[in-house]
Amino acid sequence: MSAFLFQNARVIDPSQNMDVVCDLLCRDGKIAAVGQGLSADGAKRIDASGLILAPGLIDLHTHLRDPGFTEKEDILTGCAAAAAGGVTTLCAMPNTKPTCDTPETIAYILEKSKNAKARVLPVAAITKGLAGQELTDMEALKKAGACAFSDDGVPVATAALMAEAMREASKLNVPIFAHTEDQTLSKGGKINEGKVSRELGVPGIPNAAEDVGTARELALLMTAPENTMLHICHVSTAGSVALIADAKRRGLSVTAETGPHYFMLNDEMLRTKDADYRMNPPLRTKADQEAVLKALVDGTLDVIATDHAPHTPLEKSDFLNAPNGVIGMETSFCAAYTALVLTGLMTVSELIYRMSTLPAKILGRDLGTLRVGAPADLILIDEHETWVVDPERLHGKSKNAVFKGMKLQSKIKMTVYNGEIVFEDEREKNYGV
């Protein structure tokens with residue numbers, strides 16, 4: 001394996017409360033040393049003056065479409081997009097074909113990801129075929145390599161089955177990632193139910209669909225085994241924010257995520273009738289957007305994840321009939337930096353904590369850190385560069401980018417995964433000295 005000596009970087013590692021200009025050496029796939037004036041025979045020296053060096057990002061919520069839907073994305077192209085966005089570890093949701101509900105499918109994902117530019121952690125299905133009828137063999141799936149359990153894309157059909165899943169997951173010390181939705185309320189909806197949906201004459205999805213789903217899972221958590229780890233996916237409503245805040249005040253062990261689009265955009269974008277702004281849950285009202293933003297800043301919402309969901313341009317060309325979902329791994333950090341750090345709502349160290357260190361804690365993995373001995377997963381960030389999102393220049397197969405045409409500040413300049421450079425900004429490959 002290669003050895004790299006990063007010199008004169010602003011090293012930010014929230015896991016060690018570190019924010020200092022110094023050097024970092026990685027060798028044999030591990031962090032070997034962090035400090036002032038380091039030297040290393042045979043290591044490639046990289047001048048990182050003026051750049052932030054941080055742990056690689058961890059995205060808890062992605063869809064790689066592999067196996068089964070590789071015209072949209074596959075493990076290798078999805079991880080290329082991840083690397084370009086500074087993501088070195090990602091959790092791949094199970095709504096593939098076949099569903100990720102057997103050890104064999106997990107083995108396929110892990111084998112294919114050996115040649116990928118990011119670490120892929122399979123999320124296994126809670127129910128067989130995501131059908132909501134029968135639990136999977138969760139113990140066998142964990143042994144095969146599942147990092148979490150979820151029926152993401154659909155909610156677990158009944159409260160009784162979700163309660164059983166929580167009990168099984170608690171025995172295995174593996175988190176449940178919950179897609180909170182009452183489909184009797186959301187059925188047939190295309191966009192957020194409200195003023196915009198009424199004016200467009202498009203069926204709406206009410207906030208209550210998410211809020212009722214969130215309330216169910218939190219109620220089940222109250223009587224679940226003490227070590228149950230519940231993680232609420234893609235929070236989009238003020239009501240869900242309030243429910244999660246109340247649960248945390250009562251000491252329940254719950255974490256929650258939101259995506260950059262939920263705190264940066266709202267349902268006014270749907271007036272364009274562009275299906276690239278359609279996802280589930282949908283973009284909500286400006287009031288919901290502001291509530292999600294406030295909850296992220298105050299810690300009610302723990303982490304930022306993307307729900308990266310590729311679809312082909314042909315699929316997305318039909319506003320009403322297009323599948324839900326947007327891509328996001330390549331823009332997530334820069335979008336969040338623009339909305340949170342540039343505005344003074346959050347420090348860059350806090351943002352890295354929410355996108356790297358804390359996700360690693362939720363997964364219980366020795367990642368999201370620059371401690372000596374940890375895997376050499378790291379990124380170089382230029383926090384002063386600005387760029388405009390051009391879907392045609394992104395690295396995945398699909399182009400349904402929710403921030404297309406938007407000017408963002410900060411840029412990932414280099415990504416190192418497992419001690420190897422897997423991405424360098426094409427415009428500036430002159431760090432080596």
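Keep in mind that this is a model prediction, so the values were computed, not measured.

Visitor: How should I be thinking about the packing of helix 4 (residues 159-172) against helix 7 (residues 207-222) in this particular structure?
Guide: The description of two packed helices rests on the angle between their axes and on the distance between the axes. Direction vectors running N to C along helix 4 and helix 7 enclose 50°, while the axes themselves pass 10 Å from each other. Between helix 4 and helix 7, the crossing angle belongs to the class labelled oblique. Between helix 4 and helix 7 the crossing geometry is right-handed. Residues A159, M162, A163 and M166 of helix 4 touch helix 7, and the partners they reach there are R216, E217, L220 and L221. Grouping the constituent residues of the contact of helix 4 with helix 7 by class yields six nonpolar, no polar and two charged.

Visitor: Hey, could you run me through the pattern of salt bridges in this one?
Guide: A side chain of one charge can pair with a side chain of the opposite charge when the charged atoms of the two come close. For the coordinates displayed, the defined rule picks out 24 salt bridges. Note that K248 and D302 form a salt bridge whose closest N and O atoms lie 2.7 Å from each other. Highlighted residues: K248 in helix 8 (residues 238-249) and D302 in the loop between helix 10 (286-298) and strand 15 (303-304), separated in sequence by 54 residues. Take K248: its relative accessible area is 25%, and that puts it in the partly exposed class. Measuring nitrogen to oxygen at the nearest pair gives 2.6 Å for the salt bridge that ties R354 to E350. Of this pair, R354 and E350 both sit in helix 12 (residues 348-363), four residues apart, roughly one helical turn. Accessibility expressed as a relative area gives 27% for E350, which makes it partly exposed. Linked by salt bridges that have partners in common, R10, D19 and E383 make up one network.

Criteria and cut-off values
- Residues numbered from 1 in each chain as written.
- Predicted model: local features only at pLDDT ≥ 70, side-chain atom pairs only at ≥ 80, totals over all residues.
- Heavy atoms only, no water.
- Axes fitted to C-alpha atoms, helices over the stretch in contact; angles between N-to-C directions.
- Helix = DSSP H or I, 4+ residues; strand = E, 2+ residues; numbered from the N terminus.
- Parallel < 35°, antiparallel > 145°, perpendicular 65-115°, else oblique.
- Left-handed = near helix turned anticlockwise from the far one by under 90°.
- Contact = heavy atoms within 4.5 Å.
- Nonpolar A, V, L, I, M, F, W, Y, C, P; charged D, E, K, R; others polar.
- Salt bridge = Lys/Arg side-chain N within 4 Å of Asp/Glu carboxyl O.
- Buried < 20%, exposed > 50% of the residue type's maximum accessible area, 1.4 Å probe, protein only.

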